[in-house]
Amino acid sequence: MRAPGAGTASVASLGLLWLLGLPWTWSAAAALCVYVGGGGWRFLRIVCKTARRDLFGLSVLIRVRLELRRHQRAHHTIPGIFQAVARQQPDRLALVDAGSGVCWTFAQLDAYSNAVANVFHQLGLGPGDVVAIFLEGRPEFVGLWLGLAKAGVEAALLNVNLRREPLAFCLGTSGAKALIFGGELAAVVAEVSGQLGKSLLKFCSGDLGPEGSWPDTQLLDPLLKEASTAPLAQSPGKGMDDRLFYIYTSGTTGLPKAAIVVHSRYYRIAAFGHHAYSMRPSDVLYDCLPLYHSAGNIMGVGQCLIYGMTVVLRKKFSASRFWDDCVKHNCTVVQYIGEICRYLLKQPVREAEGQHQVRLAVGNGLRPAIWEEFTERFLEVTLSSSLPGLPLPPPPPPPPQEREKIVAPISDSPKPPPQRVTLTLPVLNAARTVIFVATGEGKAAVLKRILEDKEDSPLPAALVQPHTGKLCWFLDEAAARLLTVPFEKHSTL
């Protein structure tokens, strides 16, 4: 109770001395003395202990703001910033595909994106038009949206897990005039082709595979080979406050919703991460996150496009290959999100864990239960989360547990099963009965992954296995349409 009294007294003394005509500097000094003398020293002690962290954060914010203002005044855009980086280091590796081993230099990425810009400019697309990209994470994904941005076209980055109604909904609401899809997703596009407008242009990146040729689909790769790799003769006239692309929510709580990403937002996120985590131009970043979301495409790929770092891509996180990839490609920075660190801890100890050069792991924080085990096993990795540039404080002690009832806070995203589990696994696995309810066609694909597929990095719901209790799934016919395992039907449900 002393601190509020001290604050009131200091404010009152400040006002009184100001009314008496004393200089404001004297009044402020006197008010500070009253505050400290009244017990407000605790506040000063906290300020002193956190000053280094707060000043560092303030310096990062100021630095990013000044950089962004400079680019705004020069009418720069993300493609323009990238082109300047590419001219400085054309032969350095920009993107590496860990799955296929394909490597792109900055010159190759610049040429590919220029070809994309020229192709779609010749098709009559320009500022204000939208092109949807439905492609797994690989260098072409980056080159496509970057090339579209060079032509002033906005890309709608679609989640590759979308199927049928959600996919058709996203394509329809985006207002896309063209769709670029990967050959690996041709069968998925075929399922919704009847719901798409006849005026929608379709391009396949890669091979169509067993589906063969479609009368309304063009192969994009031959068009890009014939196109000019020179920059467009005329700039689209975009600025940092104009739209760059759209990203979509996961759709677990309804149909996916689009979020607008402008050039300045892309720059702020990537720049803040770069300076706050003290990344270096010589760093090699390992990015196994989806490129249709902001973490992988902005915080990860943004380090390549804006700061010239090499980024190693893997289209899907693999716990068994994670450290092998880091060793093979000499990665020094890794990204994590959600349960990635817990999946890594569940892997058997492997030789690569002691051979990597990773010095920084960037993500959204770890659960206290995982913190100590992760730091002990991967001791030399510096973890960064919500307090950039500084090590995180030690985790709080685990909450007490009762034998008959276990109570735990909700510490994951508040999204319903089956894709997310909002209670910690120890709680669910210690329960007597766990019941999941999933309805609707939109759950069919993820339910098949959970109940039938064996994955290196399973979804959280697939890890729920009560030790002595019972696990039940209640599904409607739409949600269970892709399952091959027998299940019991209840007419009363």
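Scroll up for the structure.
Description of the structure in this document. In this text, all values refer to a predicted model and were calculated from it rather than measured experimentally.

A separate point is the pairing of strand β1 (residues 93–97). Burial within β1 is extensive, with 4 of its 5 residues counted as buried. Of the strand pairs in this sheet, β1 and strand β2 (residues 103–105) are connected by 3 bridges, and their pairing is antiparallel. Bridge assignment links valine 96 to a residue of β2, and that residue is cysteine 103. From the end of β1 to the start of β2, which pair antiparallel, there are 5 residues, and glycine 101 there has a positive phi angle of about 85°. Sheet analysis places β1 next to strand β11 (residues 310–313), joined by 3 bridges and oriented parallel. Residue pairing in the sheet places leucine 95 in a bridge with valine 311 of β11.

Let us look at a nonpolar patch on the surface. A cluster of nonpolar side chains, contributed by Leu55, Leu58, Ile62 and Leu66, occupies part of the molecular surface with about 390 Å² of accessible area. When you line up the elements, leucine 55 lands in helix α2 (residues 24–73). Overall, the relative accessible area of 57% leaves leucine 55 in the exposed class.

The subject of this paragraph is the side chain of glutamate 339. Turning to its location among the elements, glutamate 339 is positioned in the loop between β12 (333–335) and α12 (340–345). Judged by relative accessible area, which is 11%, glutamate 339 ranks as buried. Only 2.4 Å separates the side chain of glutamate 339 from the side chain of arginine 342, close enough to count as a polar contact.

Turning next to unusual backbone geometry. With phi around 45°, arginine 164 is a residue other than glycine that occupies positive phi space. As for its placement among the helices and strands, arginine 164 is situated in helix α6 (residues 164–174).

In the contact formed by helix α4 (residues 106–122) and helix α5 (residues 139–150), the axes pass within 7 Å of each other and the chain directions differ by 50°. The orientation of α4 relative to α5 falls into the category oblique. Between α4 and α5 the crossing geometry is right-handed. Contact residues: Leu109, Asp110, Tyr112, Ser113, Asn114, Val116, Ala117 and Phe120 in α4; Glu140, Gly143, Leu144, Leu146, Gly147, Leu148 and Lys150 in α5. A class-by-class count of the residues in the contact of α4 with α5 yields 8 nonpolar, 4 polar and 3 charged.

Attention shifts here to helix α15 (residues 444–451). Residues that lie three or four places apart on an α-helix share one face, since the helix turns once every 3.6 residues. Of all the positions in α15, only Ala444, Val446, Leu447 and Ile450 are classed as buried. The buried residues of α15 occupy one face: seen down the axis, they fall within an arc of 160°.

What counts, and at which threshold
Residues numbered from 1 in each chain as written. Predicted model: local features only at pLDDT ≥ 70, side-chain atom pairs only at ≥ 80, totals over all residues. Heavy atoms only, no water. Buried < 20%, exposed > 50% of the residue type's maximum accessible area, 1.4 Å probe, protein only. Helix = DSSP H or I, 4+ residues; strand = E, 2+ residues; numbered from the N terminus. Pairing = 2+ DSSP bridges. Patch = residues over 30% accessible without salt bridge, like charges linked within 9 Å, V, L, I, M, F, W, Y side chains within 5 Å. Areas by Shrake-Rupley, 256 points an atom, 1.4 Å probe, with all protein chains shown as cover. Salt bridge = Lys/Arg side-chain N within 4 Å of Asp/Glu carboxyl O. Polar contact = N/O pair within 3.5 Å; in protein donor to acceptor, adjacent residues only side chain to side chain. Axes fitted to C-alpha atoms, helices over the stretch in contact; angles between N-to-C directions. Parallel < 35°, antiparallel > 145°, perpendicular 65-115°, else oblique. Left-handed = near helix turned anticlockwise from the far one by under 90°. Contact = heavy atoms within 4.5 Å. Nonpolar A, V, L, I, M, F, W, Y, C, P; charged D, E, K, R; others polar. Arc of directions from axis to C-beta.

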